[in-house]
Amino acid sequence: MKASITILIIAVLVSLGTGCSKTPDVPETREERVVRLLTQLGNRYWHLGEVYVNSVKQVLTDSQLKYTITFTSDPSNSDPNNPKTGTFTDSDGFSGTWRLRDSGNIIEIKYANNPAGTIAIPYTINAISENSLDIEYVNNQILKSDRKVYYAY
């Protein structure tokens with residue numbers, strides 16, 4: 001009798017444990033993925049590794065070899081109704097904000113402390129991964145493209 005009650009209790013506990021399934025994970029959107037890779041949901045430092053002007057790889061200057069940019073996430077990025085935004089600072093002393101546009105395909109970098117005044121540059125995100133960020137700005141007025149490849153550290 002005691003053995004059958006113990007078996008019954010074990011069977012009920014096992015069925016409760018297996019019967020309650022976890023809710024399925026919701027896949028992250030492109031924007032959420034870009035924010036995560038760009039900022040590690042906090043701060044992320046990127047080091048300039050390559051520069052291309054009109055698809056021609058340039059030799060980096062000494063200052064470009066030392067150039068870094070830090071992207072910081074805005075805590076409101078977890079709200080699906082808010083645009084994905086944050087702040088940035090770079091090793092040249094510039095700072096400002098960034099925001100994703102076009103479903104995470106464009107990052108608009110807005111320089112707040114530019115001596116000539118605030119300027120916003122829309123970069124197309126060619127590729128982003130755990131280790132690299134490849135962005136490009138095309139100025140159609142002067143037919144010039146400026147592509148930068150950064151590496152995370």
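Keep in mind the model is a prediction, meaning the values are calculated, not measured. (Residues numbered from 1 in each chain as written. Predicted model: local features only at pLDDT ≥ 70, side-chain atom pairs only at ≥ 80, totals over all residues. Heavy atoms only, no water.)

> Hey, could you run me through the overall build of the chain in this one?
Regarding its fold elements, the chain presents three helices and nine strands. Moving toward the C terminus, one meets the helices and strands of the chain in the order α-α-β-β-α-β-β-β-β-β-β-β. The buried share of the chain, reckoned over its 153 residues, is 31%. Sequence separation of 24 or more characterises 38% of the internal contacts of the chain that already satisfy a separation of 6 or more. Working note: accessible area of the chain is about 9800 Å², and carbon and sulfur atoms make up 57% of it. (Helix = DSSP H or I, 4+ residues; strand = E, 2+ residues; numbered from the N terminus. Buried < 20%, exposed > 50% of the residue type's maximum accessible area, 1.4 Å probe, protein only. Contact = heavy atoms within 4.5 Å. Areas by Shrake-Rupley, 256 points an atom, 1.4 Å probe, with all protein chains shown as cover.)

> What's the story with the nonpolar core in this structure? I'm lost.
Nonpolar side chains tend to gather and get buried jointly when the protein is soluble and globular. In terms of nonpolar packing, the biggest core is built from 24 residues, with L38, F71, W98, I107, I125, L133 and Y150 touching the most fellow members. Of all elements in the fold, only α2 (30–39), β1 (43–53), β3 (68–73), β5 (95–101), β6 (106–111), β7 (119–128) and β8 (132–139) reach the threshold of two or more residues within this core. Not counting the four nearest positions on each side in its chain, L133 is found in contact with L38, W46, F71, I125, A127, I128, K148, V149 and Y150. (Core = buried A, V, L, I, M, F, W, Y, C linked by side-chain atoms within 4.5 Å.)

> How do you make sense of the pattern of salt bridges when you look at a structure like this?
Oppositely charged side chains can pair when the atoms bearing their charge come close. Using the criterion set out here, one finds six salt bridges in the structure. R36 is paired through a salt bridge with E28; the nearest N and O atoms lie 2.7 Å apart. Classification of R36 as partly exposed rests on a relative accessible area of 29%. Residue E28 is classed as partly exposed on the basis of its relative accessible area, which comes to 38%. A salt bridge links D146 to K148; the shortest N-O distance between them is 4.0 Å. Accessibility expressed as a relative area gives 18% for K148, which makes it buried. (Salt bridge = Lys/Arg side-chain N within 4 Å of Asp/Glu carboxyl O.)

> It is not clear to me how the pairing of β1 should be interpreted in this structure. Could you clarify?
Every regular strand shows the same layout, with side chains that alternate between the two sheet faces. Two strands pair when backbone bridges link them, and β1 and β3 are joined in this way by five bridges, in the antiparallel orientation. Its bridge partner lying in β3, N43 is registered against T72. Bridge count between β1 and strand β9 (residues 144–152): seven bridges; the pairing is antiparallel. When the sheet's bridge partners are listed, L48 is paired in β9 with Y150. Across two bridges, the pairing between β1 and strand β2 (residues 56–57) is antiparallel. (Pairing = 2+ DSSP bridges.)

> Even after reading the chapter, I still don't get the environment of A152, so can you show me in this structure?
By the secondary structure assignment, A152 is in strand β9. For the pair A152 and Y45, spaced 107 residues apart in sequence, the C-alpha separation works out to 5.9 Å. Residues contacting A152, with those up to four places away along its chain left out, are R44, Y45, W46, E130 and N131.

> Explain the side chain of D134 here, please?
Tracing the sequence through the fold places D134 in strand β8. Judged by relative accessible area, which is 11%, D134 ranks as buried. A polar atom in the side chain of D134 sits 2.7 Å from the side chain of R147. (Polar contact = N/O pair within 3.5 Å; in protein donor to acceptor, adjacent residues only side chain to side chain.)

> Quick question: what am I supposed to make of unusual backbone geometry here?
Among all residues except glycine, the phi angle is most often negative; among peptide bonds, the trans geometry is most common. With a phi close to 55 degrees, Q40 is a non-glycine residue in the positive phi region. Relative to the helices and strands, Q40 is located in the loop between α2 and β1.

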